[in-house]
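Commentary on secondary and tertiary structure
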Amino acid sequence: MKVLVLDDEKPALDELVYLLESDERVSSVTGCDVATDAVAELRAAAYDAVFLDIAMPGLSGLDLAAVIGRAPTPPAIVFVTAHAEHAVEAFELHAVDYLLKPVRTERLREAVRRILEGRDKPELPVAGNDAIAVELGGVTRFVQRADVLFVEVQGDYSRLHTATGSHLVRLPISTLEERWREHGFVRIHRSFLVALPHVDAIQETAGRLIVRVGERELPVSRRLTPALREQLRRTRRGEG
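In this report, we go over the structure that sits alongside the text.

1. A short note on the pattern of salt bridges
Counted under the stated rule, the structure contains 13 salt bridges. Put simply, aspartate 53 and lysine 101 hold a salt bridge, and the shortest N to O gap is 3.6 Å. Separated by 48 residues along the polypeptide, aspartate 53 in the loop between strand 3 (49-52) and helix 3 (61-68) and lysine 101 in the loop between strand 5 (97-100) and helix 5 (105-120) bring together distant segments of the chain. Looking at aspartate 53, the relative accessible area reads 5%, which means it is buried. Across the pair arginine 114 and glutamate 110 runs a salt bridge whose closest N-O atoms are separated by 3.0 Å. Of this pair, arginine 114 and glutamate 110 both sit in helix 5, 4 residues apart, which is roughly one turn of that helix. Exposure remark for glutamate 110: the relative accessible area of 22% places this residue in the partly exposed category. Because the salt bridges share partners, they merge into one network encompassing Asp97, Arg107, Glu110, Arg113, Arg114 and Glu117.

Given below as C-alpha cells:
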C-alpha cells in the first residue's frame, strides 16, 4: 500500500512516517509538512491512502480531504489529529478512520487494516446517515445516527444513548441538534435531544409533557412543547 502523510509538525510527521514504514502491509510512505506539497504529490502519483492532520496553517486537513474526495478514484482518508471535535465533519467526508494523537502503534495498524479491508470489500455509505467517532478504552468506534435514541447534555459535551449503552462525544448538543434536525431529532429540553422514531410514548402529567424512550422518561420544557407538538403533527402527516 502506497501512503502519503501530511502533518505540519515535523516531529509528529517523522513519527507517523516511521510507524507506517514499520508496517509490513505498507510498501512506501511519503511525508509532507506543507499542504501544497501534498497536493502536488497527489497530482503527480497515485496513492492508496492519505493520513492527514487537521489543524494546519492555510489549507486544513478537512479542506484537503474535500478536494481529494472529488477525484474519480480518491485514496482512502485517515485523519490524525489532537482534536476530537472534528469527527463529525471527518466522517461526512467519508474518512476511513479518525486517530487521536499521540498515535499508538496498535491503533495505527488497525487503521491500515480498515483501509485494506475497505479496498478489498468496498462498502457503500448508508444514505442519509452519519457516523460519530467515540473513544472507548483507547479505541475509536463509530456510532450511527440511526442507532441514537436520545442525546443528553454532559457538561460542555454530549452523551449519545443507544439501545446498548451510552457514549460521550466532545460536541455540544446544539451542534448535533443543528446537524440532525432534518433527520427527526427534536430538542425537548435544554438537556435533551430525542429521535422521534424511537419515542415510545408521550404522557401529560399536571400540564407537563414527558417523553418515554425505552426505560427513560425525559421531561419536555414548556418553552419547547409547541415545537414538539408541531413536529409530531408533521410526522403524522408525512411531512418530515
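Okay, back to it.
2. Remarks on the sheet that holds strand 14 (residues 208-213)
Taken together, the 3 strands give an open sheet; going across it, the order is 13-14-15, and neighbouring strands pair in antiparallel fashion. Looking at which strands have only one partner, the edges of the open sheet turn out to be strand 13 (201-205) and strand 15 (216-219). Ignoring which end each strand starts from, the neighbouring axes of this sheet average 30° apart. Here 4 bridges tie strand 14 to strand 15, and the two strands are oriented antiparallel to one another. Residue pairing across strands places arginine 212 opposite glutamate 217, the latter belonging to strand 15.

3. Digging into the sheet that holds strand 5
Read across the sheet, 5 strands follow the order 2-1-3-4-5 without closing on themselves; strand pairing throughout is parallel. Of all strands in the sheet, those with a lone pairing partner are strand 2 (28-32) and strand 5, marking the two edges. Ignoring which end each strand starts from, the neighbouring axes of this sheet average 20° apart. In this sheet, strand 5 lies alongside strand 4 (residues 76-81) in parallel orientation, the contact comprising 4 bridges. The partner of valine 78 across the bridge, within strand 5, is aspartate 97. Along the sheet, helix 1 (residues 10-21) contacts strand 1 (2-6), strand 2, strand 3 and strand 4; its crossing angle with strand 2, the most-contacted strand, is approximately 175°. Taken strand by strand, helix 2 (residues 35-44) contacts strand 1, strand 2 and strand 3, and its axis lies near 160° from that of strand 1.

About the thresholds
Residues numbered from 1 in each chain as written. Predicted model: local features only at pLDDT ≥ 70, side-chain atom pairs only at ≥ 80, totals over all residues. Heavy atoms only, no water. Salt bridge = Lys/Arg side-chain N within 4 Å of Asp/Glu carboxyl O. Helix = DSSP H or I, 4+ residues; strand = E, 2+ residues; numbered from the N terminus. Buried < 20%, exposed > 50% of the residue type's maximum accessible area, 1.4 Å probe, protein only. Pairing = 2+ DSSP bridges. Axes fitted to C-alpha atoms, helices over the stretch in contact; angles between N-to-C directions. Contact = heavy atoms within 4.5 Å.

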